[in-house]
Amino acid sequence: RRAFWTGAALSLANPLDILFWVSMSSRAPADPGPRGVLFLGSFFAGCLLASICVALFAGFWRARLTCKALLAVSWACGVALIGFGLRLGVTLARDLWI
């Protein structure tokens, strides 16, 4: 439970998350009425459901994997993030120079 609340606090304090939710909430005035409320409500419910499913999946496998397997998964995720960052950097550099 402590890890959950720590993660929730970090997520709420993340400036990119704040910008994301502000941009999503700006959608409601563009479509006033029940459709806008339904859009935001269903979007929030979908994000919440996806977060819970990912947390349950991670918790399930965390209890069943060995330390070496967890280390391998952590390294694989780190390499993937570095690859995505490099790809983003190359794309940004290419777009800025064109």
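Residues numbered from 1 in each chain as written. Predicted model: local features only at pLDDT ≥ 70, side-chain atom pairs only at ≥ 80, totals over all residues. Heavy atoms only, no water.

(A) Molecular detail of the overall build of the chain. Per the secondary structure count, the chain includes five helices and zero strands. In the chain, the succession of helices and strands from N to C terminus is α-α-α-α-α. The buried share of the chain, taken over its 98 residues, is 3%. Surface summary for the chain: the accessible area is close to 8600 Å², and the carbon and sulfur share equals 77%. (Helix = DSSP H or I, 4+ residues; strand = E, 2+ residues; numbered from the N terminus. Buried < 20%, exposed > 50% of the residue type's maximum accessible area, 1.4 Å probe, protein only. Areas by Shrake-Rupley, 256 points an atom, 1.4 Å probe, with all protein chains shown as cover.)

(B) View of the packing of aromatic side chains. Taken as a whole and judged by the stated rule, the model has two aromatic pairs. The interplanar angle of 65 degrees and the centroid separation of 6.5 Å between the aromatic rings of Phe 57 and Trp 61 together place this pair among those described as edge-to-face. Remark: Trp 61 and Phe 57 occur in helix α4 (residues 34–62); sequence separation between them is four residues, near one turn of the helix. For the pair Phe 60 and Trp 61, a centre-to-centre distance of 5.2 Å together with 85 degrees between the ring planes defines the contact as edge-to-face. Phe 60 sits in the partly exposed class, given a relative accessible area of 39%. (Phe/Tyr/Trp six-rings, centres within 6.5 Å; stacked < 30°, edge-to-face > 60°.)

(C) Structural detail: the confidence of the model for the chain. This prediction gives the chain a mean pLDDT of 83; 90% of its residues lie at or above 70. At the level of individual helices and strands, the chain shows its lowest average pLDDT in helix α3 (residues 27–30), which scores 61, and its highest in helix α5 (residues 67–97), which scores 93. (pLDDT = per-residue confidence, 0-100.)

(D) Looking closely at a nonpolar patch on the surface. A contiguous nonpolar surface patch, about 590 Å² in accessible area, is contributed by Phe 20, Trp 21, Phe 44, Leu 48, Ile 52 and Leu 56. Looking at the nonpolar patch, the elements that each hand over two or more residues are α2 (15–25) and α4. For the nonpolar patch, the leading source of residues is α4, giving four residues. Take Trp 21: it is sitting in helix α2. (Patch = residues over 30% accessible without salt bridge, like charges linked within 9 Å, V, L, I, M, F, W, Y side chains within 5 Å. Salt bridge = Lys/Arg side-chain N within 4 Å of Asp/Glu carboxyl O.)

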